[in-house]
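Each chain, letter by letter, is given below.
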Amino acid sequence: MRSEFSGETREAVYNKVRLGESNSVVVTQSRKDGTKMTVECYSMPIRDASGATKGYVTLNRDITERKKAQEALQESEDRFRTIAETLPVMVSLTTKEDATIAFTTRLITKPSATAGRR
């Protein structure tokens, strides 16, 4: 199964493994049906009693759904931020439990010096 690396190059990843270093990388792989999946690969050396590297073990985890959920959440947050920042009023969100401010936009206009005076 051929992997498409993002970030580090294939050579950099393999060199770390050859040198006996632990390594974590996210790659895109193709399933047998041709669909793409995102895989987190973690490799670590296997050492003998003297500490010499004798091989390595790699753990691969399909994180496709997690990645899709993260991207959907980011898109939703971006849409909310765009809407909130373009409104001509200040928008503020607070938590229900303790009224902690979770989000506040900046004021678009400064209040006049006479605002609130009688």
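Each value, and the rule that gives it
- Residues numbered from 1 in each chain as written.
- Predicted model: local features only at pLDDT ≥ 70, side-chain atom pairs only at ≥ 80, totals over all residues.
- Heavy atoms only, no water.
- pLDDT = per-residue confidence, 0-100.
- Helix = DSSP H or I, 4+ residues; strand = E, 2+ residues; numbered from the N terminus.
- Buried < 20%, exposed > 50% of the residue type's maximum accessible area, 1.4 Å probe, protein only.
- Arc of directions from axis to C-beta.
- Salt bridge = Lys/Arg side-chain N within 4 Å of Asp/Glu carboxyl O.

J.: Which residues make up the confidence of the model for the chain, and what values go with them?
T.: Per-residue pLDDT for the chain averages 81, and the proportion of residues at 70 or more is 80%. Across the chain, helix α2 (residues 64–86) holds the top mean pLDDT of 92, while strand β6 (residues 101–104) sits lowest at 67.

J.: Residues and numbers for helix α1 (residues 10–18), please.
T.: Here α1 has its buried residues at Arg-10, Val-13 and Val-17. Angularly, the buried residues of α1 cover 70 degrees about the axis, an arc narrow enough to put them on a single face. Exposed positions of α1 whose direction lies more than 90 degrees from the buried face are Glu-11 and Arg-18. Looking one or two residues past α1, Gly-20 carries a phi angle of roughly 85 degrees, positive in sign.

J.: Let's hear about the pattern of salt bridges: which residues, and what values?
T.: The final tally for this structure, using the stated rule, is five salt bridges. A salt bridge links Asp-62 to Arg-31, with the nearest nitrogen and oxygen atoms 3.2 Å apart. One end of the pair, Asp-62, is in strand β4 (residues 53–62); the other, Arg-31, is in the loop between β2 (23–30) and β3 (36–47), and 31 residues separate them in sequence. Under the relative-accessibility criterion, Asp-62 is labelled partly exposed at 44%. Judged by its relative accessible area of 30%, Arg-31 falls in the partly exposed class. Salt-bridge contacts for Arg-81 lead to Asp-78; the nearest nitrogen and oxygen are separated by 3.6 Å. With Arg-81 and Asp-78 both in helix α2 and three residues apart, this pair spans about one turn of that helix. Overall, Asp-78 belongs to the partly exposed group, its relative accessible area being 35%.

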